[in-house]
Amino acid sequence: AGGALTITGTLTLTDGELVLGQNLTLTGTTFTIASAATVSGASILRLNAAVAPMTMSYTGTPTISNLRVSNDVNLSGTGTALTVSTLFTHDGGVLNFGSRNLTFQTAFTRTAGTYSATTGYMIFDGTAGSALAVTQGTDGFSIPNLRVTNSGANNVALSAVAAQGTVTVTGAFDLANGLTTTQT
């Protein structure tokens, strides 16, 4: 049985599926994923550049099962959308998605870190398989552009736990697929 793995250089996935059976931490400055590649498995891919920022370049619309951002990451490349299908954790750094859309399904947890973008959207998507649970952290956060969708029959739920911060949208806010908001 192996343990967690750290890659200090560049990681490039051009085709196929990287199945994580153990956590993988990238501390280099470049991670590239092609549209024909995916990252799956129950373990976590952690982006934690030793010298920030890390550039995550991608083509097409790849999917990563479990992603953790712990230091500055700039999304780049010709890809237009990236999906985190199971668990997203943000515990440090600036996640800059520029003109790209970044979709979260199932679970979004933020304890620290900030977001920046030009025309790209953070997308909270309740899928057919499950509702998206959003834990926004005690200090909350601001997001330039937010879209809330439900590609399935489930909802997106912001944490209602006491001491959770506010999510502030500073740019565009879109509700898709006939969604409405309720504040209690």
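First, a word on what this report is: a plain description of the structure on this page. These numbers were taken from a predicted model, which means no experiment stands behind them.

About the criteria used
Residues numbered from 1 in each chain as written. Predicted model: local features only at pLDDT ≥ 70, side-chain atom pairs only at ≥ 80, totals over all residues. Heavy atoms only, no water. Helix = DSSP H or I, 4+ residues; strand = E, 2+ residues; numbered from the N terminus. Buried < 20%, exposed > 50% of the residue type's maximum accessible area, 1.4 Å probe, protein only. Salt bridge = Lys/Arg side-chain N within 4 Å of Asp/Glu carboxyl O.

1. Observations regarding unusual backbone geometry
Phase 1: A cis amide bond links A52 with the next residue in sequence, P53, at an omega value of 5°.
Phase 2: Of note, the phi angle at T106 is positive, near 80°, even though the residue is not glycine.
Phase 3: Tracing the backbone shows T106 in the loop between β12 (101–104) and β13 (107–116).
Phase 4: You can call T106 partly exposed: its relative accessible area is 27%.

2. Thoughts on the pattern of salt bridges
Phase 1: Inspection of the entire model under this criterion finds three salt bridges.
Phase 2: We note a salt bridge from D174 to R147, for which the minimum N-O separation is 3.2 Å. In this pair, D174 sits in strand β20 (residues 173–175) while R147 sits in strand β17 (residues 146–149), placing the two residues 27 residues apart along the sequence.
Phase 3: Looking at D174, the relative accessible area reads 26%, which means it is partly exposed.

Keep in mind that these numbers describe shape and distance, not what the molecule does.
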